[in-house]
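A structural walkthrough
Each chain, letter by letter, is given below.
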Amino acid sequence: VTVKLNRFFVNSNQPRPESYREDLEQRDKCAATEEEARTIYSHLAGAAESGWDFSARWFRDPNNIGSCKTGWILPVDLNCILYKFERNMAGFHSQLGTRPGVESRFVFTPEGQGLPSEDSVRDYCSEFGLVHHAAVLGLQIVVIFSKPIEDVAWLAERHVIGGIGGRFEGCSASVWRGRATRRHNAIEALMYDESKQMWFDYDCEQRQRTTILAASGFYPLWAGCCTQKQAALAVQVLELSPLSCKGGVACTALFSHQQWDYPCGWPPVQWFMVEGLRRTATRESVHLAEKIAIRWLYSNLAGYENSQKMYEKYDVRALGFSGWGGEYEQQDGFGWTNGVALHLLSLYHKKLSYTQYERWIVTDSVAGRHGSREVGEVQHSLHVSRYQVRKLMQHIQREGHLGLSGHVSSLTMVASFITPQVCEAARTTTKPVDCIAIGVGGASLCVARCRIRDGAMDNLRIKYYSDKEHWTTPTTAKAMAESLVDRVIDMLTATREEPDFRTTNFSVGISWRFPLRTLAVDSAIASYATELAASDLHGQDVCALMQAAFASRGLRNMRVSCVLSDVVAALVAKTFETGQSYSGAVIIGTGVNMAYWEKVSNIRAICSKTAKSRPYTGLTEGEMAVVADWADLSVQEQDPETLTHHEAFPLTSFDKVLDSTSNNAGTRRFEKCTGGAYLGELCRLALVSLMQKKVIRHIPALLCQGCLRTQHLTRVLNDTTATLEETERYFKE
C-alpha cells in the first residue's frame, strides 16, 4: 500500500546562515565525508524549519544533536495541520460551488522526484486550451486555464512532461476531501499506537514509530482526524502523562537539554492543546482544557510579577520560571506569548481567581504575592546582566595587562614548566607507558587508568567518587595524600583486570583544582590551599607528599610525574590529542580559569637575574604554559577618569556571608562567587533567607553550614522525572 505523508526537508548542502558555527562544529564531530556533511546540514535545516529547533524528536541519540534525522521523520503535527488545510479547502470549494471556470484550475503532481519547468507545462497544455497561468507550488505545479475544460478525463490520464511523469487533478471539493481522507488513513495506519492510545512520529528509515512522548502526538484532537473513542482515550493519556505539569504542557517527556523538550512549554503548544481539547467536546476534555489554560496563565502572571517580563517559553515544572536550552539566550516579550495569553484570557477570564493563584503559588514553595516578590529579589540579586559581563571582561583584560606589563595585578599568572615540546614528546613516544591520572575537583574526585602507546590511548578506565567518599575530610596533608592513594588502589582493585598493578610501573599525574606554584614538571609546591581541612598543606611539595603516600601503601612502583592545575591539564590534553599547540584553554562553568602559551623570554620569574626558579628549568627560549588564576580577581576596580571605586563584579549578601565564614576570609572572593565548590553553600544561604522570611517551610537541616553540596545540586539538575521523584528520594536518603 502506498501512502503519502509530508516531512520537513531542506535540500541544503551548507550550514545554516544563522547558526553557521554550530553546524560546522556538528560536521567536524559527526561527518567523515563531504556527503555526510551535506546530509547533516539538510537534517539540521529541516529541524529548524519545523519550528521545533531543537527537540529529541529529530534525534537518534537524545543527547547528540549530530544524530539529527529530521528528513526521515514523518511528524504527527505537520500532517495534522495539512489534513486540516485539506479539509478547509474542501469546505471552501463546497461554498464556491461548481460555477463555470472553477474546474479550470488543475494541479500536476509528479510520480517521483523533480518537477518539469513551468514553460514545458505551459507548452504541453497549450494545445488543450489557453493557459492563463502555470506556477510551482511546493512539490506541484498549478495550472489555470483561461476557459473551462470539458474533457477532464483526458487530464486524469498519465502524462509525461519534460521527461517527468505525473497526473493532473482538478481542485474541486471532492478532490480535496479525497486527499484529506487518504492522509487521515495514512496517519491512522502509520502513527497511531493502539496500545498507548495516542499518536507518534514515524521514522521512514527505520520503518517504525518513534517512542518519544510528545505534545505533538495530540494534534489529531485539534485537527479532528481521529474517532471520538480515540479522542476520549487520548484525553486520559494526556492528563495522566508527564507532559501535564504544574505550569502547563511540556513539549516532550524527555529531558535532553534542548529547548523543545522537557521541561519547556511553549505558547503555541498550549494553544493547540487547549483548542484540541475544546473541540473534542467531552466533559473530561473541556475540564482539562480549562485546567491547562489556567495553569499557563498563572505561570505567565508569576513570571511577570517576578521579572516584569513575558518569556518566549516557560519551565512548566513550576510557576513563573523561564525555559532554557537551545542555541540562543532566552527571549523576552515574545509576541506569541502575549497572543496566546490574550486568547486564553478571552476564554477563561471568568475562571481566574487571584486567591486561587496565591494558593497555587504557596504550594509551589512561594508564599503568595509577598513570596513571589521575595523570590524575585533573590533571583535578581544573583542575576548578572550582559552589561555587567562586558564590564567584568574589560576589568579582567585591564588586570591581565597590568600583570603582563610587570605592574601589580589581582590576576595571578604562574609558570607551569610545561612546554609544547614536553607534550609532543609524550604524544610521539613509542614506548608503552602505563598511566594513572587523579582529577581533584571542587565537588568530585575521579581516578583514571590508561596505557599510552604510539601516541594513542587505550585500556581507559575511569571511576568517580561522590562527596561521601571524598578526600577533603582529612585534617593533615599526609592523611589527605594517603586518602587519594586509597582511591587509586580502590579503582585498580575494582576489577580483575589489574592483577599485577603492584608490580607494573605507573606514571602518575594529578590534575588539581587548587592553584599550585610549580617548580618543575616533576615537582610542585602548593602555594596555598583553598577551603581544605589539611591546613599544613601550605608550602609542601605535593609530588613528594604523594610519593611518600604511595610508599606507605607498599606501592613503590608508582612514580608521581607531575601535578598540574586543571586548566593547564586541559590545555596539555588538547595539545596531546591533536598534536597542535593552541594559544590557550579556558574553563568556564562552575568557576572560570585560563591557561595559555607564553614565550619563556617574557616570564620574569624564570628569566630575570633574581629568578629563584631558573636552576630548576634550564629553559631560556620557546614557550611555556602559564596559568592565569582568576580566583583573587579584585571585585573592586578604579575608574581611570574619576578615580572612584566600584564593583567590577556584584557581591550579593550571600557572597559576603560565605566569605566571612570561610577558612580564608577576605581572599579568593571571585572564586567564591563562581566556583563549583561553593555553589551548594550559596544555594543553601539563599534558601535559608527565604526560610527565615517564611517564604518556604522551615527545614532545620538547612541551618547546618555546608550541608548542601554542589553535588546535591547536580543530582537535582539531572533528575529527569516529571515530579522530581529522584530528588525527593535522594534527599530522604
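The present account deals with the structure reproduced in this document. (Residues numbered from 1 in each chain as written. Predicted model: local features only at pLDDT ≥ 70, side-chain atom pairs only at ≥ 80, totals over all residues. Heavy atoms only, no water.)

1. Some details on the overall build of the protein
For the record, the criterion: Helix numbering and strand numbering both begin at the N terminus, where a helix is a DSSP run of H or I of at least 4 residues and a strand a DSSP run of E of at least 2. Burial here depends on accessible area, computed with a 1.4 Å probe over protein chains only, as a share of the maximum for the residue type. Under 20% is buried, over 50% is exposed, and the range in between is partly exposed. In what follows, a contact means two residues having at least one pair of non-hydrogen atoms within 4.5 Å. Accessible surface area values rest on a Shrake-Rupley calculation with a 1.4 Å probe, where residue burial reflects the displayed protein chains alone.
The helix and strand inventory of the protein stands at 24 helices and 28 strands. The buried share of the protein, taken over its 733 residues, is 47%. In the protein, of all internal contacts separated by at least 6 residues, the share reaching a separation of at least 24 is 63%. Looking at the protein as shown, the accessible area adds up to about 36,900 Å², and 53% of this sits on carbon and sulfur atoms.

2. Focus on helix 17 (residues 542-552)
Worth spelling out the cut-off: When we speak of the arc, we mean the arc of directions from the helix axis to the C-beta atoms.
Among the residues of helix 17, Val542, Cys543, Leu545, Met546, Ala549 and Phe550 are the ones counted as buried. One side of helix 17 carries all its buried residues, which in axial view fall inside an arc of 165°.

3. Comments concerning the sheet that holds strand 19 (residues 456-465)
Applicable threshold: Strands qualify as paired when DSSP identifies two bridges or more between them. Interaxial angle, 0 to 180 degrees, is taken between N-to-C directions of lines fitted to C-alpha atoms, where a helix line uses only the stretch in contact.
If you walk across this open sheet you meet the five strands as 19-18-17-20-23, and the pairing is mixed. Both outer strands of the open sheet, strand 19 and strand 23 (558-565), are each paired with one neighbouring strand and no more. Strand-to-strand twist in this sheet, taken as the mean axis angle between neighbours without regard to direction, amounts to 20°. Running at roughly 60° to strand 18 (residues 445-453), helix 16 (residues 477-492) makes contact with strand 17 (433-440), strand 18, strand 19, strand 20 (506-512) and strand 23 of the sheet.

4. Quick word on the pairing of strand 20
Of all seven residues making up strand 20, five are buried, and the element is well covered by its neighbours. Sheet topology note: the strand 17/strand 20 ladder contains seven bridges and is parallel. Its bridge partner being in strand 20, aspartate 434 is matched across the sheet by phenylalanine 506. When strand 20 meets strand 23, the two strands line up parallel, connected through seven bridges. Residue pairing for strand 23: serine 511 is matched across the bridge by leucine 564.

5. Observations concerning the packing of aromatic side chains
What counts here: Ring pairs shown here join Phe, Tyr and Trp side chains whose ring centres sit within 6.5 Å, with only the six-membered ring taken for Trp; geometry is labelled stacked below 30 degrees between planes, edge-to-face above 60, and tilted in between. Think of it as a cone above the ring: NZ of Lys or CZ of Arg counts as a charge over the ring if it is within 6 Å of the ring centre and within 35 degrees of the ring normal.
Counted by the stated rule, this structure contains 14 aromatic pairs. Between tyrosine 192 and tryptophan 199 the ring centres are 4.8 Å apart and the planes differ by 55°, which places this aromatic pair in the tilted class. Put simply, the rings of Trp52, Trp260, Trp266 and Trp336 touch in pairs and so form one group of aromatic residues. A cation sits over an aromatic face here: arginine 57 above tryptophan 52, 4.6 Å from the ring centre.

6. Side note on the pattern of salt bridges
This is how it is decided: In what follows, salt bridge is the name for a side-chain nitrogen of Lys or Arg lying within 4 Å of a carboxyl oxygen of Asp or Glu.
Per the stated rule, a full pass over the model turns up 22 salt bridges. Aspartate 315 serves as the salt-bridge partner of arginine 317, at 2.8 Å between the closest nitrogen and oxygen. A residue is classified by how much of its surface remains accessible, and arginine 317, at 28% relative accessible area, is partly exposed. In this structure, glutamate 671 and arginine 668 form a salt bridge, with 3.2 Å as the shortest nitrogen-oxygen distance. By relative accessible area, which is 11% here, glutamate 671 ends up buried. Among the ionic contacts, a cluster of salt bridges with common partners joins Arg57, Asp77 and Asp201.

7. Looking at the environment of leucine 238
Within the element layout of this structure, leucine 238 appears in helix 8 (residues 228-240). Since its relative accessible area comes to 1%, leucine 238 is described here as buried. Distance in space between the C-alpha atoms of leucine 238 and glycine 217 is 9.6 Å, their sequence separation being 21 residues. For leucine 238, the residues in contact, after removing those within four places along its chain, are Phe218, Leu243, Ser244, Met273, Leu277, Leu288 and Ile292.

8. Some remarks on the nonpolar core
The condition is simple: The criterion is simple. A nonpolar core is a set of buried Ala, Val, Leu, Ile, Met, Phe, Trp, Tyr and Cys residues joined through side-chain atoms within 4.5 Å.
If you look at the biggest cluster of nonpolar residues, it comprises 73 residues, and the most contacted ones within it are Trp199, Phe218, Val269 and Met273. In terms of residue count, the dominant contributor to this core is helix 10 (residues 283-307) (six residues). What methionine 273 contacts, discounting residues up to four positions off in sequence, is Ala215, Phe218, Tyr219, Leu238, Val249 and Ile292. Grouped together as the second largest cluster of nonpolar side chains are 31 residues, Val485, Trp512, Met546 and Met558 included.

9. Quick word on the packing of helix 1 (residues 20-30) against helix 2 (residues 34-50)
Filter applied, for reference: Angles are sorted into four bins: roughly parallel if under 35 degrees, roughly antiparallel if over 145, roughly perpendicular if 65 to 115, and oblique for all others. Crossings are assigned a handedness: left-handed for a near helix turned anticlockwise from the far helix by less than a right angle, right-handed for a clockwise turn. Classes in brief: Ala, Val, Leu, Ile, Met, Phe, Trp, Tyr, Cys and Pro nonpolar; Asp, Glu, Lys and Arg charged; the others, Gly included, polar.
With their axes 10 Å apart at the nearest point, helix 1 and helix 2 run at an angle of 135° to one another. Here helix 2 runs oblique to helix 1, going by the angle between their axes. You can see that helix 1 and helix 2 cross each other, and the crossing is right-handed. Residues Asp23, Leu24, Gln26, Arg27 and Cys30 of helix 1 form the contact with helix 2, whose own contacting residues are Glu36, Ala37, Ile40, Tyr41 and Leu44. Class assignment for the residues of the contact of helix 1 with helix 2 results in six nonpolar, one polar and three charged.

10. What about the packing of helix 23 (residues 710-717) against helix 24 (residues 725-732)?
Axis separation between helix 23 and helix 24 bottoms out at 8 Å; the angle between their running directions is 150°. Comparing the axis directions of helix 23 and helix 24 gives the class roughly antiparallel. Judged by residue contacts, Gln711, His712, Arg715 and Val716 of helix 23 engage Thr727, Tyr730 and Phe731 from helix 24.

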